[in-house]
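Residue-level structural notes
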Amino acid sequence: MSTENEIILQFAPWESFVSPTFWHKLAELKLDHDRLSDSKRSITGHYTNRNASGCLLEVDYTAYNRTAQPPKFSHCAIGTIYNKNTIEEFKALDKLQLLVDEGKELLADMCSGGALRDPSLLTRFFVLSFADLKCHSYYYWFAFPCPLTPTLKLQGAVRKLRDLANSSSYITALKALPTESQNFFILYANVEKNVVEARSLSSLDEKEVEFCYFGFADPSEYEHPAWIMRNYAAFLLQQCPSFVGKPLKFLGLRQNQQMNIDDSLVWQVIQTEACDLSQSEDIKFVGWELNKNGKMGPRMVCMRDSMDPAKLAENSVNLNLKLMKWRLVPDLNLEIISQTKCLLFGAGTLGCAVARNLLSWGFKHISLLDSGKVGFSNPVRQNLYTHADAVAGNRMKATTAAQRLKDINPSAEMAGYVLEIPMPGHTIGESLVAQTKEHLEVIEKLVQDHDVIFLLTDSRESRWLPTLLGAAKEKIVINAALGFDSYLVMRHGTTRKETGDDGQEIEGLKCINGDQLGCYFCNDVTAPGNSLKDRTLDQQCTVTRPGVSNIAASYAVELLVALLQHPRKELAPAYYAQSGRGKSEEAEEKVPEGLLGILPHSIRGMLCNYENILPATQKFAQCIACSVAVLNQYKKEGHAFLFKTFETAKYLEDLTGISEFKRLNSEIIDFDDEEFDMSDSDED
């Protein structure tokens, strides 16, 4: 056959189009699932031959689905993503070898008949990428592997479908072809037998090549066919070696917006040299996509500007937490942290520090309760307030702190409540009874609606009501209190009952289960009174070394997080070394650890010697805050009981019986020393 009018057929290269959702999903998978693994992951893409623009292959978040689900009027492409852990690995990877490896997999599908059963394998692609999750930047390079086979030569002019003889019968047959079968097919046209029909690729018969148009959904808008025809032709010539040297007709199916296919193109080509693709070691491959500058190299996209600022902040906040799961704490449960609702009684020095630490751990539901205003002495110690808040003169701590927390993490739910906490021994005047009842109802509802209660107020008596409510409503209660250079952080024993194993017995250690641990008031044998009465200024204010509050706040939040990660939550037991049982240091080393370490009952620290001790105490049966007598009386009388305690703290002492302890303690018995003469002569 003459080759004077034959020219080498050119192909329109693929152009990748990456939806932002593709990168968002990659970031999610990298953080939550792949972590340090850089194993390849199967993905899918899609392309369309309807009103095509350029020669696009698109990927979006659905690329990671296990089952390909291309959009309507689109066809599936099979791909792989290699996401490396570092930019250095991304740069150092042998790109040529990677293309060869992927190309060999393509050839394996061609030679094994896999592509005959699933023609979408001919549209193979892969992505080499590096996700800089800290900066929200993604480096990537698409490749569409294709074997370097002898050239296809175009015979004659490119023709449109409508210009062919019997085009109407061809169009009718093609319109009967389902969309999902249009990616690769055969248009069989035997005019002599008056047979024109669209067939699946699996019906390929090399003896009927003269009657066949090898059809494919062509995403190219140019006169040149799309890159996929190059693999299509290589596959056909490998399956049917007799096609070498014979004219082959390819039909690029193209649809306009109205689904008209008249402008589909037909190319008649010939390959005169044979090529055995089964000898893959001798085959070279091409297919790397050029970058935007038309050069061989990767591309980079920064998603920071296209992301919603609130979503960007949320992703950044969670980055450090999710990285913990990569190596250090793979079993860390971040979901329970984000769902736990925390109520902070007090929005002062401790309250601000605790709230900031809660945000750092990913808590998204924080409420603050305080009745104070921001003063000039507050901003230097309380990190959620500014000098401008103090100058304004009317900024309430609770609402201001909530707004500042919202400014820091817009995706979190914050609320501030300006409320007085009624206290034992602080008599309620007649004019304030109605307001106090309203405040009590709000406080009770807040405690009911939250999971964790933090006691962060600056007086002992202001912690009594939250302690009582936390016990009555079975909430987790975390307490933090400050001295000048000392601090106490503790978890209250829970009133929640649950069947389960008690803590294990360990030699040298005393075990107290979570429902038997004491509360803040369990070590007292006196009811709280008015601590501000008859006090000088330095006694009325919380005077502490500045670092103490931050230490205590950090311990309080870390104790809560460790508690939430324990299988038994607040029922987790606490251990302490028993005296007189040998070396206490050896016993302490045996304390069982949870996911984040040991779970003490309380932490008492001193800055003067930089030392912590971890005592544990049991519930006091006559506690004025969490004892059965107090809880039953509250459940029985409600607000009436509370108002009795507000009137006089002695009511609690009488109710629990500790007033009798005080009476006995006040009786001083005098002894005559002579009656207890312990001279040596009396000793045996």
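Residues numbered from 1 in each chain as written. Predicted model: local features only at pLDDT ≥ 70, side-chain atom pairs only at ≥ 80, totals over all residues. Heavy atoms only, no water.

- With an unreviewed UniProt entry as reference, the protein is termed Ubiquitin-like modifier-activating enzyme ATG7, source organism Drosophila simulans.
- Under the Subunit (unreviewed entry) heading, UniProt states for the protein: "Homodimer."
- What UniProt states about the protein under its Function (unreviewed entry) heading is, verbatim, "E1-like activating enzyme involved in the 2 ubiquitin-like systems required for autophagy." (UniProt positions renumbered as here; feature names shortened; annotations may be inferred.)

Looking at the pattern of salt bridges
- Going through the model one piece at a time under the given rule, you end up with 22 salt bridges.
- Of the charged contacts, one joins E105 and K40 as a salt bridge, the two residues approaching to 3.1 Å between their closest N and O atoms. Note that E105 is positioned in helix 3 (residues 95-112) and K40 in the loop between helix 1 (20-34) and strand 3 (41-48), a separation of 65 residues in sequence.
- What makes K40 partly exposed here is its relative accessible area of 45%.
- Across the salt bridge formed by R199 and E208, the nearest N and O atoms sit 3.5 Å from each other.
- Here R199 falls in the partly exposed class, since its relative accessible area comes to 23%.
- Taken together, the shared-partner salt bridges in this structure form one network comprising K40, E102, E105, D109 and R124. (Salt bridge = Lys/Arg side-chain N within 4 Å of Asp/Glu carboxyl O. Helix = DSSP H or I, 4+ residues; strand = E, 2+ residues; numbered from the N terminus. Buried < 20%, exposed > 50% of the residue type's maximum accessible area, 1.4 Å probe, protein only.)

Regarding the packing of helix 9 (residues 349-360) against helix 15 (residues 546-565)
- Across the interface, helix 9 lies against helix 15 with an axial gap of 8 Å and an inter-helix angle of 45°. As judged from the angle between their axes, helix 9 and helix 15 are oblique. At the point where helix 9 passes helix 15, the crossing takes the right-handed sense. On helix 15, the residues that touch T349, L350, A353, V354, N357 and L358 of helix 9 are S549, N550, A552, A553, S554, V557 and L560.
- Partitioning the contact of helix 9 with helix 15 into residue classes produces eight nonpolar, five polar and no charged. (Axes fitted to C-alpha atoms, helices over the stretch in contact; angles between N-to-C directions. Parallel < 35°, antiparallel > 145°, perpendicular 65-115°, else oblique. Left-handed = near helix turned anticlockwise from the far one by under 90°. Contact = heavy atoms within 4.5 Å. Nonpolar A, V, L, I, M, F, W, Y, C, P; charged D, E, K, R; others polar.)

Focus: the sheet that holds strand 21 (residues 476-482)
- Strand order in the open sheet formed by eight strands is 19-18-17-20-21-22-25-26, and the pairing between neighbours is mixed. Of all the strands in the sheet, the pair left with one neighbour each is strand 19 (413-418) and strand 26 (611-613). Across the sheet, the mean angle from the axis of one strand to that of its neighbour is 15°, orientation sign disregarded. (Pairing = 2+ DSSP bridges.)

Considering the side chain of S167
- Tracing the chain through its elements places S167 in helix 5 (residues 167-175).
- Excluding its chain neighbours within four sequence positions, the residues that come into contact with S167 are L161 and R162.

Focus: the confidence of the model for the protein
- Across the protein, the average pLDDT comes to 89, with 90% of residues at or above 70.
- Overall, residues 536-540 carries pLDDT values under 50, and its contacts beyond four positions in sequence, including any with other chains, amount to three contacts.
- Overall, residues 675-684 carries pLDDT values under 50, and its contacts beyond four positions in sequence, including any with other chains, amount to three contacts. (pLDDT = per-residue confidence, 0-100.)

A closer look at the nonpolar core
- Within the largest apolar cluster, 80 residues are counted, with the highest numbers of intra-cluster contacts made by F214 and F250.
- In terms of residue count, helix 6 (residues 228-239) provides more of this core than any other element does, eight residues in total.
- Ranked by size, the runner-up nonpolar core spans 52 residues in total, among them C352, L456, A552 and A572. (Core = buried A, V, L, I, M, F, W, Y, C linked by side-chain atoms within 4.5 Å.)

Considerations on the environment of T86
- Among the secondary structure elements, T86 is positioned in the loop between strand 5 (74-84) and helix 2 (87-92).
- Placed 30 residues apart in sequence, T86 and L56 show a C-alpha to C-alpha distance of 29 Å.
- Among the polar contacts made by the side chain of T86, one reaches the main-chain amide nitrogen of E89 at a distance of 3.1 Å. (Polar contact = N/O pair within 3.5 Å; in protein donor to acceptor, adjacent residues only side chain to side chain.)

Structural notes on the pairing of strand 11 (residues 195-200)
- Pairing analysis gives six bridges linking strand 10 (residues 184-190) to strand 11, with the strands arranged antiparallel. Looking at the pairing, Y188 lines up with E197 of strand 11.
- What sits between strand 10 and strand 11 in their antiparallel hairpin is a turn of four residues, with N194 showing a positive phi close to 60°.

Regarding the pairing of strand 12 (residues 212-217)
- The buried count for strand 12 comes to six of six residues, which makes it a mostly enclosed element.
- Of the two faces of strand 12, the one holding C212, F214 and F216 and the one holding Y213, G215 and A217 are both buried throughout.
- Where strand 10 meets strand 12, five bridges bridge the pair, whose relative direction is antiparallel. Within strand 12, the position partnered with Y188 by the bridge is C212.

Quick look at the packing of aromatic side chains
- Under the definition given, this model contains 27 aromatic pairs.
- Here F125 and F144 contribute two aromatic rings whose centre-to-centre distance is 6.5 Å and whose plane-to-plane angle is 35°, an arrangement assigned as tilted. In this pair, F125 is assigned in strand 6 (residues 125-132) and F144 in strand 7 (residues 137-147), connecting sequence segments 19 residues apart. Comparing F125 with F144 shows no difference in burial state: the two are buried.
- By way of ring pairs, the aromatic residues W14, F22, W23, Y47, Y64, F125, Y138, Y140, F142 and F144 are connected into one cluster. (Phe/Tyr/Trp six-rings, centres within 6.5 Å; stacked < 30°, edge-to-face > 60°.)

Brief notes about the packing of helix 13 (residues 464-472) against helix 18 (residues 639-647)
- Put simply, helix 13 and helix 18 touch, their axes get as near as 12 Å, and they point 155° apart. In terms of axis orientation, helix 13 runs roughly antiparallel to helix 18. Here helix 13 and helix 18 pass one another in a crossing that is right-handed. Here W464, L465 and L468 of helix 13 lie close against helix 18, whose contacting residues are F641, L642, T645 and F646.
- A per-class count over the contact of helix 13 with helix 18 returns six nonpolar, one polar and no charged.

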